[in-house]
Amino acid sequence: MLSMSTNNSSYNDQGGADSAVEIGQETTPTSNSGAGFGLFSTDFKKNDDLKEMLENNKESLKLEAMKRIVGLIAKGKNASELFPAVVKNVASKNIELKKLVYVYLVRYAEEQQDLALLSISTFQRALKDPNQLIRASALRVLSSIRVPIIIPIMMLAIKEAASDMSPYVRKTSAHAIQKLYSLDPDQKEHLIEVIEKLLKDKSTLVAGSVVMAFEEVCPERIDLIHKNYRKLCNLLVDVEEWGQVVIISMLTRYARTQFTSPWREDGVFDENSERAFYESDEEKTRDDTEIKPYTMDPDHRLLLRNTKPLLQSRNTAVVMSVAQLYWHLAPRNEVSIVTKSLVRLLRSHREVQYIVLQNIATMSIQRKGMFEPYMKSFYVRSTDATHIKSLKLEILTNLANEANISTILREFQTYVKSQDKQFAAGTIQAIGRCATNISEVTDTCLNGLVLLLSNRDETVVAESVVVIKKLLQAQPSQHSDIIKHMAKLLDNITVSMARASILWLIGEYCERVPKIAPDVLRKMAKSFTSEEDIVKLQTVNLAAKLYLTNSKQTKLLTQYILNLGKYDQNYDIRDRTRFIRQLIVPNEKSGALSKYARRILLAPKPAPVLESAYKDRDRYQLGTLSHTINTKASGYLELSDWPAVAPDQSVRNVEVIEPVKEWAPSLGKTGKSKPAKSSDDKFYSDSGEEEEDEKGSGTSSSNDGSSSSSAGLSLCLCVPPPGPVLYLPETYSPSDLRHCVDIGFVKQLLFRVSGYLHVFRSVTVSYVVPFVPQEVKLQKEVSLLDLDDCELTDVKPWSVLSPSLLTDLEGLSLSNISTMQVSGPAFVPEKSHNLLHRMTGKGLAAQYQFTRQPCLYQPNMVSVQISLTNTSDHRLEQIHIGERSPAGLKIHCFNTIEFLEPDASVTVSMGIDFNDSTQAANFQLCTKEDQFSVSIQPAVGDLFLAVTMTEQDFRKEQGKLQGMNECSATITVTAENTSSQPLNRRVAAMANVGVVPSGQDNVHRFAGKTACSGAVLLVTVELRESSAAVITINTEKSVMGSMLLRDLKKSLAQA
C-alpha cells in the first residue's frame, strides 16, 4: 500500500496528471491519512492544473489548456466547472485561443448564464472584429445565452450579421434566428423580415441555413419563396449537402401548392404543346371542347431537372430527398429514374439500409415495376440484421407476381430454414400473403405450409397454423382434410396462438368434422385450467358452437367448461362465460337474444385480407421521421393536395432593374443626337426595332455606303468630356458586352478618345443606351481602341457624380490598367474521347476532343471538335444533333451533314455551355434512320480559357480572392517536375491556363478564366526544399478550384 501511494505521488509530480485529465480522471497527491489510493480520496481538487494553465500569462499554455478542455468536451466529459477560468480569456488577442474559448462558451453558455452575461460587452465588440470567424463565433455564443433580457441585443446582432460582407457570418445569423425564435416566439415578425432579406442572398453558403430558418419560423409563408424559387433551384447543386436536404424538402412542399398534378388520367401529357401561329377560330373552338393536354409548368420542370444530378450524390440523405421529391412531384413515367440510386444505397451502413428499405417498401406497393428488375438486390444475406431481413422480405412480397412467384417461393423455402426464428415466422406470413394475392399459387402455398406443420421448430409450426387458418377461410369446403390434420397436431403444439387458431378452425367448421370436434372439446376440458387465456376463450367458443350443432354429444361438456370459466381468475373469461351461458341455454331470464344464438355464433365470416404493413404509410411524406415511425411526429409538415387550377406563375418572375435611358449623342463628324428609347425597351434592342428607329429619324444609314461597318452600340457614362462615349462595332455581340456591364456597373472598361486612354473601375452607369450611329463615314473598320478619327459631340456634364469623384476619375493613370487578355492554349491534349462506338452506332463512330480555343459561336461556350467516321458499307444520311438533356442545355450544333460515304470521315465543331460545371452534356446523335444517346463529359481543366497578365496584376487579383476563395495543398513532387518546363507542361496539360511571368525561380504562376462566367482562376506552384511544393488556387468558383487542386496534386506527384 505504501509503495503504491509513493508511486501515485511521483506520478502526479512528474506531470502524469496531464494524461489522466485527458481521459477524464481526477488526480491529486495522496494524503498520508486515510486510504492510499489518491484516485478514491474525496478531498481532491479537480482539473487544478488546467485552471493554473488558463491563469498563466503565457499564451502557449493557455492554448494547450483550451485544446485539452475541448478534447474533454468531445469525449463527453463535463468541463463546466472550468467556465470562470475560461471566460476570463474571451478578450484574448490570440485568434486561435479566442476560437477555442468561443467553442467552449457555445457549449456551456446556457448552463452558466450569469457568468456568460458578464462578457456580453466583449461579444458585442467581437461582432465588429475584422476576422469573419470571430464575428460568427461571437454571434453563435450570444445566441446560445438563453436569457430573455438580452433578446433585443440578439435581435440587433442578427440584423447586423444578416448584412455582413462574409457569407459565413450571414450563415451564422440564419442559425441564430432559430435559436431566438425558440427563446421568444413573439419576435416572429421581426425575424421574418431578416429571413426575407437572407432569402435574397446569392451565396450557396447561406441558402441552406436560411431555408432551415424559414422552415422553423414561418413555413406557412410560401409568398417569401416566390421570388427566390428559381434562384434556389439553380443554386441547389452547389449548396452543401445538409442544405440540399432542407431545400429539397421545402421545395417539395412549395411545388405541391403551386403546380397542377402531373398524374392526371383524363388528359394527354404534352410538355411541348403550343398552338400554331396561324389558327382559325373554328379550330380554336374545337380544341377547347376536347380534352386539354397537360402541360408542365416550366418552373416545375426546372425543379425536376436541377435535382436529378443530385441522385449521384455521395450523401445518402440527399439521394433520399431527391427520390421522395420525384415520388411526390414527377410524372409517373419519370419516377423510375430514382430506382437505381436507391438500390445503390443498399450497399451502405445498416442504419441507412433500414431507412431506404422502408421507403422502398412503401413505393413498391404502388409501383411494383420500378424495382422488379433489381429483385436480386433484395435477397436476404446471412449477415443481415433481423429488421433488415424483414424489410427485404416485405419488398419481395410486394414485388411478387405471376411471372416471378416461382423464383420468390424458392427463395422463401430457404428462408424458412433460417435459425432466426422471428425471420422464419415472417417468411411464413409472406408465403400466406403471396397465396392470397396470386390465386394461381394458393394451393401450392397451402400444401407447403401443411408440410411445415411437421417441423420440429414450434415457432414455425405455430406461425404455419395461423397462416393456414387465414387461408382456409377463403376455401374451407375444399380443405377439410387439412382441418383434420391440424386437429391431430393439437396435442403436440404448445404455442398458445397456434392452439387457439386450431380451436377456432374446428369450431367454425365443426359441421365438416362432426366426429373430431367433440373429441377435441373433451381434451380441452381436461386441460382448461392450465391453458393460456386466449386458448380458454376459444375453448368456450368451441363449446358454444358444438352445443348449437351437436348438443347430444357435447351438452355435458359444455356445461362443465362453462362452470370452469365462471370462476376463472381472468374477468374476460368470466364475462364471456356468463354471456355464452345466457345466449345458448334458454331460461326464464333469457331475453329474445337467445333466439338468434345460431345466427350470432355461426354466422359466415369474411376471409381476412392479408395486407402489407406499409400500405397506409404513403399518407406521410417519404424520408420523414413520421414515415419511419408511422405516426405523426412533432414538427411534421403535411404535403398539400395538388391545386385544381395552378396559381399565377408570374409571382415567380423577378424584376430586372434596368438603367434609366434618356438620350445618347451620335458618334461621327456630322451626326446628330438621337432621343433614347423608353424605359420599357429591353437593354439590348432587337435589330428590327433599331431599323424602325432609323427610318423614323429620317437619316437612314442605308444611304451611306459604309453603314454596314459603322453600326454598333454606344455607351454613355456619367462623366464629362473627354470620355463620355464608347463605340462598339457591330461584330461585338451583347454577350461580349456583359463582361463590361454588370447590373449597372462598369467592372473594367478600356477605351481611347482623341489619343488618350482612360480606365474606369466600378463606375456607376446612369445612362446605357442602345444606339446606332447615323451618318458615320469611316474609311476603315472601326475597332474598340481605334477611334482617333471620330469626333465627339459636346456632352454636357451631369450632376450625378460628385466633383470629388470626377476628379478621381480624371486622375486615373495608366498604371491601373489591367493587361489580362485571353490567349491561345499553352497545351492542347491530343487524346480524343470515344463519343459513339461503331457497334453501338450501327457503323457510325464518333470521337470528341476539347480544342481549348475560344468558342467561335459564343464566348461563354466551350469549343468541342467531333470526328465522325462511317465504318459501315453503306452511306449514312442526315447526321445531326437531336434532343438534348438537361432541357435547358445550350449547344451550338454543327450543320446537318447530308451524307457520309463508307470509310469517309468528317470533322465538325460545336459549342457547349457547361455553365461552369463538370456535369455531362447529354444529347442525341441522329442519322436519318436512327438516334443514339451520347454524352460529353468535360474535365474541370477544359472549362477554362488561358489568359495572360503581368505579375503585378496577378498579385492584385490574388489579393481579391482570399479566404474562402482560396484552397491550397502541400505535396511531394517528383524530381523531373521540379524544373520549369516540365512543371509548366504538367499544369497546362491538366488545365487550360496561361503562364504568368514570375520574378522568382521557385514560384510558378498560371492564370485563366472560366469560359461561362469569366471568373478568374489563379494557380501558384511554389517549390520548396526536399521536393516539396505548395499548390495554391484562387477563384470564386470554389468547387472548380478544389477539383482542379485534386487533379494537380495527382499530376505533379506522378513521374
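From a predicted model like this one, the values you see are computed outputs, not experimental measurements.

Cut-offs used in this document
Residues numbered from 1 in each chain as written. Predicted model: local features only at pLDDT ≥ 70, side-chain atom pairs only at ≥ 80, totals over all residues. Heavy atoms only, no water. Helix = DSSP H or I, 4+ residues; strand = E, 2+ residues; numbered from the N terminus. Buried < 20%, exposed > 50% of the residue type's maximum accessible area, 1.4 Å probe, protein only. Contact = heavy atoms within 4.5 Å. Areas by Shrake-Rupley, 256 points an atom, 1.4 Å probe, with all protein chains shown as cover. Expected span 1.5 Å × (residues − 1). Polar contact = N/O pair within 3.5 Å; in protein donor to acceptor, adjacent residues only side chain to side chain. Pairing = 2+ DSSP bridges. Axes fitted to C-alpha atoms, helices over the stretch in contact; angles between N-to-C directions. Salt bridge = Lys/Arg side-chain N within 4 Å of Asp/Glu carboxyl O. Core = buried A, V, L, I, M, F, W, Y, C linked by side-chain atoms within 4.5 Å. Parallel < 35°, antiparallel > 145°, perpendicular 65-115°, else oblique. Nonpolar A, V, L, I, M, F, W, Y, C, P; charged D, E, K, R; others polar. Left-handed = near helix turned anticlockwise from the far one by under 90°. Arc of directions from axis to C-beta. Patch = residues over 30% accessible without salt bridge, like charges linked within 9 Å, V, L, I, M, F, W, Y side chains within 5 Å. Phe/Tyr/Trp six-rings, centres within 6.5 Å; stacked < 30°, edge-to-face > 60°. Lys NZ or Arg CZ within 6 Å of the ring centre and 35° of its normal. pLDDT = per-residue confidence, 0-100.

## Topic: the overall build of the protein chain
For the protein chain, the count of helices and strands is 41 helices and 24 strands. Put simply, the protein chain has 1055 residues, and 48% of those count as buried. Within the protein chain, counting contacts between residues at least 6 apart in sequence, those at least 24 apart form 65% of the total. Carbon and sulfur atoms form 50% of the exposed surface of the protein chain, whose accessible area is close to 53,600 Å².

## Points about helix α6 (residues 95-108)
The end-to-end C-alpha distance of α6 is 20 Å, a good match for the 20 Å that 14 residues give at a rise of 1.5 Å each. Every buried residue of α6 is listed here: L97, K98, L100, V101, Y102, Y104, L105 and Y108. In the core, the buried residues of α6 are packed alongside α4 (59-74), α5 (83-87), α8 (120-126) and α9 (132-144). The backbone nitrogen of E96 has a side-chain oxygen 3.0 Å away, supplied by the residue at the start of α6, namely N94.

## Observations concerning the environment of N447
Here N447 is to be found in helix α25 (residues 442-452). Sequence-wise, N447 and I468 are 21 residues apart; in three dimensions their C-alpha atoms are separated by 9.5 Å.

## Observations regarding the sheet that holds strand β18 (residues 931-936)
Reading across from one edge, β15-β13-β17-β18 is the order of the four strands in this open sheet, with antiparallel pairing throughout. Whereas interior strands pair on both sides, the edge strands pair on one side only; in this sheet they are β15 (897-900) and β18. Strand-to-strand, the axes of this sheet are offset by a mean angle of 35 degrees, without reference to chain direction. Relative to strand β17 (residues 921-926), strand β13 (residues 876-885) is paired through four bridges, and the arrangement is antiparallel. Bridge pairing in β17 links I881 to L925.

## Comments concerning the pattern of salt bridges
In total, this model carries 34 salt bridges according to the counting rule given. Put simply, E334 and R301 hold a salt bridge, and the shortest N to O gap is 2.8 Å. Placement of E334 in the loop between α18 (316-329) and α19 (339-345) and of R301 in helix α17 (residues 298-307) is noted, with a sequence separation of 33 residues between them. For the pair shown, E334 and R301 are each scored as buried. Put simply, R230, D297, D299 and R652 are held in one network by salt bridges that share partners.

## Points about the sheet that holds strand β11 (residues 844-854)
If you walk across this open sheet you meet the five strands as β10-β11-β12-β16-β14, and the pairing is antiparallel. Strands with a single pairing partner mark the edges of an open sheet, and in this sheet they are β10 (833-836) and β14 (890-892). Ignoring strand direction, the axes of neighbouring strands in this sheet form an average angle of 35 degrees. Both strand β12 (residues 862-870) and strand β16 (residues 905-913) contribute to a ladder of eight bridges, which runs antiparallel.

## Details of the nonpolar core
By size, the foremost hydrophobic cluster in this structure holds 193 residues, and its most contacted members are I69, Y104, L105, L342, F378 and F412. Ranked by residue count, the leading element in this core is α18, at nine residues. Among all residues touching F412, those that are not within four sequence positions of it are L393, L396, T397, T427, A430, I431 and C434. Residues L844, V864, F923 and L1023 belong to the second largest nonpolar core, which totals 53 residues.

## A word on the packing of α9 against helix α11 (residues 167-183)
Contact geometry of α9 with α11 gives a least axis separation of 9 Å together with a crossing angle of 5 degrees. As judged from the angle between their axes, α9 and α11 are roughly parallel. Contacts from Q132, L133, R135, A136, L139, R140, S143 and S144 of α9 reach α11 at Y168, V169, T172, S173, A176 and K179. Split by residue class, the contact of α9 with α11 holds six nonpolar, five polar and three charged.

## Let's talk about the pairing of β18
Residues F932, V934 and I936 point to one face of β18 and are all buried, whereas Q931, S933 and S935, pointing to the other face, are not buried. Note that β17 and β18 share six bridges and pair antiparallel. Across the sheet, L925 pairs through a bridge with F932, a residue of β18. Between β17 and β18, which pair antiparallel and follow one another directly, the connecting turn spans four residues.

## Some remarks on the packing of α9 against helix α10 (residues 151-162)
What describes two packed helices is the angle between their axes and the distance between those same axes. Two elements in contact, α9 and α10, have axes whose closest approach is 10 Å; the angle formed by their N-to-C orientations is 150 degrees. If you check the angle between α9 and α10, you find them roughly antiparallel. Handedness of the crossing formed by α9 with α10: left-handed. Residues L139, L142 and S143 of α9 form the contact with α10, whose participating residues are I153, M154, A157, I158 and A161. Looking at side-chain class alone, the contact of α9 with α10 contains seven nonpolar, one polar and no charged residues.

## A look at helix α32 (residues 571-584)
Here α32 contains 14 residues, and its C-alpha end-to-end distance of 20 Å stays within 8% of the 20 Å for a straight helix at 1.5 Å per residue. Among all positions in α32, only I573, T577, I580, L583 and I584 are buried. Viewed along the axis of α32, the buried residues span an arc of 135 degrees, placing them on a single side of the element. Where α32 is buried, its residues touch α30 (533-549), α31 (551-566) and α33 (597-601). For α32, the N-terminal cap is N570; the gap from its side-chain oxygen to the backbone nitrogen of D572 is 2.7 Å.

## Comments concerning a nonpolar patch on the surface
A cluster of nonpolar residues, F579, L593, Y596 and I600, forms a patch on the protein surface that exposes about 380 Å² of accessible area. Here L593 lies in the loop between α32 and α33.

## Let's talk about unusual backbone geometry
Unlike most non-glycine residues, K842 shows phi in positive territory, near 55 degrees. Tracing the chain through its elements places K842 in the loop between β10 and β11. Positive phi values are uncommon outside glycine, yet D916 reaches one of about 55 degrees. Position of D916 among the secondary structure elements: in the loop between β16 and β17.

## Points about the side chain of T427
Structurally, T427 can be placed in helix α24 (residues 421-437). Those residues in contact with T427 that sit more than four places away from it in its chain are L393, F412, Y415 and V416.

## Details of the packing of aromatic side chains
Under the definition given, this model contains 12 aromatic pairs. Aromatic side chains F412 and Y415 sit 6.1 Å apart centroid to centroid with 45 degrees between the ring planes, which places their arrangement in the tilted category. With F412 and Y415 both in helix α23 (residues 405-416) and three residues apart, the pair spans about one turn of that helix. Taken together, the aromatic side chains of F83, Y104 and Y108 make up a single cluster linked through ring pairs. Over the aromatic face of W504 sits the side chain of K469, whose NZ or CZ is 4.9 Å from the ring centroid. Directly above the ring of F899 sits R875, whose terminal nitrogen or CZ lies 4.2 Å from the centroid.

## Re the environment of A921
Summarising the element assignment, A921 is placed in strand β17. Residue A921 is classed as buried on the basis of its relative accessible area of 0%. Each C-alpha atom of the pair A921 and I936 lies 5.2 Å from the other, and the pair is 15 residues apart in sequence.

## Topic: the confidence of the model for the protein chain
Detailed reading of predicted coordinates is not advised where the pLDDT is low. Model confidence for the protein chain is summarised by a mean pLDDT of 76, while 76% of its residues fall at 70 or above. For the protein chain, the element scoring lowest by mean pLDDT is strand β5 (residues 745-746), at 34; α18 scores highest, at 94. Across residues 658-817 the pLDDT falls below 50, and counting only partners more than four positions away or on other chains, this stretch makes 255 contacts in the model.

## A word on the environment of N895
Residue position: N895 is located in the loop between β14 and β15. Considering only alpha carbons, one finds N895 and Q878, 17 residues apart in sequence, at a separation of 9.8 Å.

## As for the side chain of N977
Along the polypeptide, N977 turns up in the loop between β20 (966-972) and α40 (980-990). Here T974 takes part through its side chain, which lies 2.9 Å from a polar atom of the side chain of N977.

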